Amino acid sequence: MSTFLWGAFFGVAAGLVIAIGALFGVWGERKVSARIQMRIGPNTAGPFGLLQTLADTVKLVLKEDVTPVRADAGVFKFAPFLVFTPIAMGMAVIPFARGWAPLDSSVGMLFYLAVPSLSAIGTLIGGWSSRNTFATIGGIRGAAQMVSYELPRTLSVLSVVLLAGTMRPVAVMDAWQWWWIPLTLLGFLVYFISSIAEVNRGPFDLPEAESELVAGYFADYTGIRWAIFMMSEYGGVVAASLFGAAFFLGGFRLLPGVLGIVAYLLLAVLLIVAMMWVKWTFPRMRPDQLMTTAWKVLTPMALVQLAIVGVVIPWL
Amino acid sequence: MSIEIESRECVVDSGGGQVEELVVNVGPSHPSTHGVCRVIVHLDGEIVTKAEPVIGYLHRGIEKICENRTYNQIVPLTDRLDYVGSMYANWAYCRAVERLAAIRVPERAEYLRVIVCEMQRIASHMMAIGSSAADTGAFTMFIYAFDERERLVELFEELCGARLTYNYVRPGGVSFDVPEGWTDTLRAFTKAHRTALDEMDKLFFGNVITRQRLKGVGVLSAEDAVGWGASGPVARGSGVNWDLRKHDTYSVYPRFDFDVPTGSNGDAYDRARVRLFECYESCRIIEQALEQMPEGRIKAEGVPRLIQPRPGEAYDHIESARGSLGVYIVSDGSPRPYRVKFRSPAFCNLALLPLLAEGHTLSDLVVVLGSLDPVFGEVDR
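Described in the following lines is the structure provided in the data block. What you see is a predicted model, and the numbers here were worked out from it, not measured in a lab. (Residues numbered from 1 in each chain as written. Chains lettered and ligands numbered in written order. Predicted model: local features only at pLDDT ≥ 70, side-chain atom pairs only at ≥ 80, totals over all residues. Heavy atoms only, no water.)

1. Overview of the overall build of chain B
Counting secondary structure elements, chain B contains 15 helices and 9 strands. Scaling as 2.2 N^0.38, a compact globule of 381 residues should have a C-alpha radius of gyration of about 21 Å, and chain B matches this with 21 Å. Taken over 381 residues, chain B has a buried fraction of 60%. A sequence separation of at least 24 residues applies to 69% of the contacts in chain B between residues at least 6 apart. Within the structure as shown, chain B displays about 14200 Å² of accessible surface, and the carbon and sulfur contribution to it stands at 50%. Of the charged side chains in chain B, 42 are positive and 53 negative, and the gap between their average positions amounts to 6 Å. (Helix = DSSP H or I, 4+ residues; strand = E, 2+ residues; numbered from the N terminus. Rg over C-alpha atoms; globule rule 2.2 N^0.38 Å. Buried < 20%, exposed > 50% of the residue type's maximum accessible area, 1.4 Å probe, protein only. Contact = heavy atoms within 4.5 Å. Areas by Shrake-Rupley, 256 points an atom, 1.4 Å probe, with all protein chains shown as cover. Lys, Arg positive; Asp, Glu negative; His and termini not counted. Charge placed at Lys NZ, Arg CZ, Asp CG, Glu CD.)

2. Quick look at empty space enclosed by the protein
Residues and elements named next belong to chain A. Taken as a whole and assessed by the stated rule, the structure comprises 6 cavities of 30 Å³ or more. Its boundaries defined by the atoms lining it, the largest cavity holds a volume of some 260 Å³. As for the largest cavity, its lining consists of 23 residues, of which Ile87, Ser119, Met146, Glu198 and Val199 are closest to the centre. When residues of the lining of the largest cavity are traced back to their parent elements, those giving at least two are helix H3 (73-90), helix H5 (119-129), helix H6 (133-164), helix H9 (185-198) and helix H11 (223-247). (1 Å grid on protein atoms, 1.4 Å probe; cavity = no way out; pocket = protein on both sides within 12 Å on 5 of 7 lines; lining within 4 Å. Points joined across faces, edges and corners; volume = space filled by probe spheres on them.)

3. A closer look at the pattern of salt bridges
Taken as a whole and assessed by the stated rule, the structure comprises 36 salt bridges over all chains. Where Arg30 of chain A meets Asp56 of chain A, a salt bridge forms, and the shortest distance between an N and an O atom there is 2.8 Å. With Arg30 of chain A in helix H1 (residues 3-36) and Asp56 of chain A in helix H2 (residues 52-61), this residue pair connects regions lying 26 residues apart in the sequence. When its relative accessible area of 33% is taken as the criterion, Arg30 of chain A is described as partly exposed. Exposure remark for Asp56 of chain A: the relative accessible area of 24% places this residue in the partly exposed category. Put simply, Asp288 of chain A and Arg286 of chain A hold a salt bridge, and the shortest N to O gap is 2.9 Å. Taken together, the shared-partner salt bridges in this structure form one network comprising Glu118, Arg121, Arg236, Asp243, Arg245, Glu278 and Glu319 of chain B. (Salt bridge = Lys/Arg side-chain N within 4 Å of Asp/Glu carboxyl O.)

4. Quick notes on the sheet that holds strand S9 (residues 339-343) of chain B
Sheets are built from strands paired through backbone hydrogen bonds, the pairs being either parallel or antiparallel. All names here are of chain B. Taken together, 3 strands build an open sheet; the order of strands is S7-S8-S9 and the sheet is antiparallel. Either end of the sheet is taken by a strand with one partner, and the two such strands are strand S7 (312-319) and S9. Here the strands of the sheet are splayed against their neighbours by 10 degrees on average, with no regard to which way each runs. Pairing between S7 and strand S8 (residues 324-331): 8 bridges, direction antiparallel. (Pairing = 2+ DSSP bridges. Axes fitted to C-alpha atoms, helices over the stretch in contact; angles between N-to-C directions.)

5. Focus on the nonpolar core
In terms of nonpolar packing, the biggest core is built from 115 residues, with Tyr93, Ile115, Met119, Tyr168, Leu186, Phe256 and Ile329 of chain B touching the most fellow members. Looking at this core element by element, the count peaks at 12 residues for helix H4 (residues 107-136) of chain B. Counting residues in hydrophobic clusters, the runner-up holds 60 residues, among them Tyr191, Ala197, Phe247 and Val309 of chain A. (Core = buried A, V, L, I, M, F, W, Y, C linked by side-chain atoms within 4.5 Å.)

So far we have only geometry, and geometry alone does not tell us how the molecule works.
Structure below.
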């Protein structure tokens, strides 16, 4: 088949993976948060409430598509897709089995770090085009936050790249050794926290839960447009967990064969649940505290991790 | 939520330079859980230079309505003032009426009043701490606090049939005696509540992000607290050791052994912590009251249906969850009062908002408002 058809096929597949990931993500979030809060969560629609998200999606699709009168209509409608697509693209380079990734790129690690960051632009223009002061402020804060947390995340992933000596994700997984786990533990911590901040989740969700005080950057979005923002958030969570489970915790290299892939997916689910756990335990950080954490706490930690790795490498 | 820019003007700031000041209206209805409060905020970038609360959205003219109601008919109206702490408002009003009409309340009724008011204090503080937590994003804490509150509200429902507006404390006593098994459930609650409070302390107040959000925010000095008429946990958080239960004691409070928690820094963290520790003390009082409560009448003998006190005036105040709640009644000898005035602690505490919010960011404004714990039924009447 021609490359165009392959590309289209993988594009649709990536979209579906994220959509299903979001479906289970929302269900998981509601169940996990409920249990943390001594409740049960959805249990009526389908067994264990599994069909609840589907019911909610159907409801959202049937809603009226409202675009605010003052908003810049074209940009307003385009923004959710600009947030969603880069995250879907970023998932393409994550290896799922030994020697196989949907997109086997020789700069895959860089691809994963760089391409999903484009969604920061989507956040910004979504807030800006809403022509609503606080949506704009939310969008600006969101973009600033996502850009700031790029640095510690990139530096921590860089430590793994240095150990592997290559940026090709498949080759990094081939080169992975068990003693990388304790060596890059600090980096993993930095990566985990930065990823939570990247997807505007958990203690770092000021741009979207600016709604505690005023409207967030996607306040003016209704129905399925809002759902696309949510899907991209869960897509980001899934991608970050898969990436972290693969490169920092060993992924499918932990156990041989198919067991390895099962272990990998279980590890990723563990990380996803951990992100939800963090969100429902901690209050929200203030914007200035958020920036301080990125620049004054996480970046130095990532640099220390790099130094550790740099010292060890000559002995390899 | 209506958030509109009222104006954008160039003003000269304290440094002599020109800044563009944004005047933003944080609308009367917003997701923060405190009720209808409009705040007009002047912003210099992120910093609040001036925050002006505009109240009156819940004004129902209760004081005027009282002038056309008999003394017994006013009791349900007082429920709806501070709807989070109905028992207090009932009690303060009934004390004023009893003072005016020279009614002596039997002992059992006094003990019951103390018990329900301390339960109400716990319920109100759980609401206050839960809402503050929800404002900062800790939803789990909100649910935990409301779980505790739910147990109390269920006890109230068993006692007087209502979950929120109880109409329980009446002039001369209380309306119902405790049902079977109620005191045992209450004892079990106070035991379990202490464990829950410890958990909440660790979950919320021990959390590093909570400390970052609440410490140093909305600092109120002790002199300002006294000067601006703050009372309750707002004043005690600043170190002002003033609690009407101890310092202007009333009812059977002198018979109980309890402490009054005070803070030292006067910031939002201390105020919230004072509320938490008051719940421990309330548990102590409830346990002692349950032990000491005698048998007897729950309503004074000979209180007529239509209370007609001699002409005169009376003021009485109690320590509610929010502060010093006072009721002033002027009687002209008829069955209806000439004037009823409620001294609302939330109203006086809310006046501190401009002072406390200045110099902080917009996110801190919400935290400050939560730490003042206003209930707009009481503020607006």
